[in-house]
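# Commentary on secondary and tertiary structure
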Amino acid sequence: DGNPNGDPDAGNLPRIDTEDGKGLVTDVCLKRKVRNYVMMAKQDQSPYSIYVKEKAVLNNLQKEAYEDLKIKENKRENKDAKNWMCKKYYDVRTFGAVMTTGEHNCGQVRGAVQLTFSRSIDQIVALEHSITRMAVTNERDADKERTMGRKHTIPYGLYLCKGFISANFAKDTGFSKNDLKLFFEALEKMFDHDRSAARGEMSTQKLIIFEHNSALGEAPAHELFEKIKVKKRSSEIPPRQFSDYIVCFNGLELATDKKIITYSVQNNGNGAFKIQETEQAIWKA
């Protein structure tokens, strides 16, 4: 009964794929929530400061790098300034940033973490509700008893998001295991600190992590994703909660009580790979 991601081009209706009717949540919507969680958890202090935040003047933040490093103004990319920004700002080394504007060029960073649009498992039903307000906005409407408004919700939607973490890009930006641990923590808890009337019951239900033993990966990402299947328990009853779905990996239903599940991926040669659930994750070590 909320709106997971309103579309400003459609009167704030829930985002939707107009061809198949499935709901969408953009990658930048989720990144915003990760940034907000990190700001709260780390008090916006270096090395966990946030570059893209409300009312931030980005050119002024880039200027700080030049002043701290005592670099003269330069419209060309400065690698030292770029590294300074990566060290200070969590979201720069995590998601990347374009910092080429103004007189203090800090370059362009491709982040270690990339997310796709989230897509609902089934079609969503976008509902529109009339709401009333006893107060009025303008003096000319003072004699009106009440004013009317509109509110958009969906009864329920289960969305699937896919993410990618590049060890090679992490090396370039300085994205560490501690950063990765904080990222997974944010994905798990961020909705608990993002409540609003439109997002009262959004939550992370499962975080499935594949860990590789090499920087280039032990298996193609799309082949790992294809092993995860989500389907409704009943085709007759519209889903209204997470337990109305079954989440399977390799054909076996995953335990409902485990929110974070980690798999180790090992290449056995000849294009074959082995996947094994692990208790002690590499990023926790």
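A brief report on the enclosed structure follows.

Conventions used here
- Residues numbered from 1 in each chain as written.
- Predicted model: local features only at pLDDT ≥ 70, side-chain atom pairs only at ≥ 80, totals over all residues.
- Heavy atoms only, no water.
- Helix = DSSP H or I, 4+ residues; strand = E, 2+ residues; numbered from the N terminus.
- Contact = heavy atoms within 4.5 Å.
- Pairing = 2+ DSSP bridges.
- Axes fitted to C-alpha atoms, helices over the stretch in contact; angles between N-to-C directions.
- Salt bridge = Lys/Arg side-chain N within 4 Å of Asp/Glu carboxyl O.
- Buried < 20%, exposed > 50% of the residue type's maximum accessible area, 1.4 Å probe, protein only.

Looking at where threonine 262 falls in the secondary structure, it is placed in strand S16 (residues 260-269). The contact partners of threonine 262, leaving out residues within four places of it in the chain, are Ile209, Glu211, Gln276, Glu277, Thr278, Ala281 and Trp283.

A separate point is the sheet that holds S16. With mixed pairing, the 3 strands of this open sheet are ordered in space as S12-S16-S17. Each end of this open sheet is capped by a strand with a single partner; those strands are strand S12 (207-212) and strand S17 (272-278). Each strand of the sheet is rotated relative to its neighbour by a mean of 30°, with strand direction disregarded. When S12 meets S16, the two strands line up parallel, connected through 6 bridges. Paired with isoleucine 209 across the strands is threonine 262, a residue of S16.

A word on the pattern of salt bridges. Applying the stated criterion to the full structure yields 17 salt bridges. Across the pair aspartate 17 and arginine 119 runs a salt bridge whose closest N-O atoms are separated by 3.0 Å. Taken together, the positions of aspartate 17 in the loop between strand S2 (13-14) and strand S3 (22-25) and arginine 119 in strand S7 (residues 118-123) put the pair 102 residues apart, joining distant regions of the chain. For aspartate 17, a relative accessible area of 17% translates into the label buried. Classification of arginine 119 by relative accessible area gives partly exposed; the value is 33%. For arginine 119, the salt bridge identified is with aspartate 20, shortest N-O distance 3.2 Å.

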